[in-house]
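# Coordinate inspection notes
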Amino acid sequence: MYPYGYYQGYLPQPSGHFTPEYQQIDQYDSDRQPPQLERRVTALERQNQDQSREITRLNRQLTNLSDQVRMLNQTVDRHTRRLNRLNQRLRAVENRLNIPFTPFDGEF
């Protein structure tokens with residue numbers, strides 16, 4: 001139900017004369033916009049599609065970079081564990097051979 005006796009698609013006409021706004025509206029179908037507005041909408045839709053593609057590409061790139069960072073972190077963790085094991089073995093050898101450990105000793 002439309003208030004004031006209006007129904008969808010009805011444009012009230014000014015009494016007495018046509019104004020340029022109403023003449024322009026009357027020139028086009030009720031479901032079409034003026035050409036400059038249609039061109040602007042089309043340009044904005046195209047821009048929206050381009051931005052969506054760019055966001056998708058950047059998300060894919062971010063996912064790839066995240067995977068690389070995860071793999072590098074795993075590699076660092078493996079090397080850290082290996083160095084810790086080697087340090088423990090070295091300390092055990094030093095203790096067995098009674099080699100004094102000095103943290104500031106630049107040799108061996």
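Here is a short report on the structure shown in this document. For clarity, every value in this text was computed on a predicted model and none was experimentally measured.

Attention now goes to the overall build of the protein chain. Summing up its helical and strand segments, the protein chain has 2 helices and 0 strands in all. Out of the 108 residues in the protein chain, the part that is buried amounts to 3%. Carbon and sulfur atoms make up 54% of the accessible area of the protein chain, which totals about 10,400 Å².

With that settled, the discussion passes to a positive patch on the surface. Taken together, Arg78, Arg81, Arg82, Arg85 and Arg89 make up a surface patch of like positive charges. By the element assignment, Arg85 lies in helix H2 (residues 35-96). Look at Arg85 and you get partly exposed, because its relative accessible area is 49%.

Glancing now at the pattern of salt bridges. This structure, assessed with the given rule, holds 3 salt bridges. When the shortest N-O distance is used, the salt bridge between Arg53 and Asp50 registers 2.4 Å. You can see Arg53 and its partner Asp50 sitting in helix H2, 3 residues apart, about one turn around the helix. Overall, the relative accessible area of 39% leaves Asp50 in the partly exposed class. In this structure, the salt-bridge partner of Glu54 is Arg57, at a minimum N-O distance of 2.7 Å. Taken together, the residues span about one helical turn, with Glu54 and Arg57 both in helix H2 at a distance of 3 residues. Judged by relative accessible area, which is 39%, Arg57 ranks as partly exposed.

Residues Val93, Leu97 and Ile99 make up a contiguous nonpolar surface patch of about 260 Å² in total accessible area. Within the secondary structure, Ile99 is located in the segment after H2. Its relative accessible area of 39% is what places Ile99 among the partly exposed residues.

Procedures and definitions
Residues numbered from 1 in each chain as written. Predicted model: local features only at pLDDT ≥ 70, side-chain atom pairs only at ≥ 80, totals over all residues. Heavy atoms only, no water. Helix = DSSP H or I, 4+ residues; strand = E, 2+ residues; numbered from the N terminus. Buried < 20%, exposed > 50% of the residue type's maximum accessible area, 1.4 Å probe, protein only. Areas by Shrake-Rupley, 256 points an atom, 1.4 Å probe, with all protein chains shown as cover. Patch = residues over 30% accessible without salt bridge, like charges linked within 9 Å, V, L, I, M, F, W, Y side chains within 5 Å. Salt bridge = Lys/Arg side-chain N within 4 Å of Asp/Glu carboxyl O. Lys, Arg positive; Asp, Glu negative; His and termini not counted. Charge placed at Lys NZ, Arg CZ, Asp CG, Glu CD.

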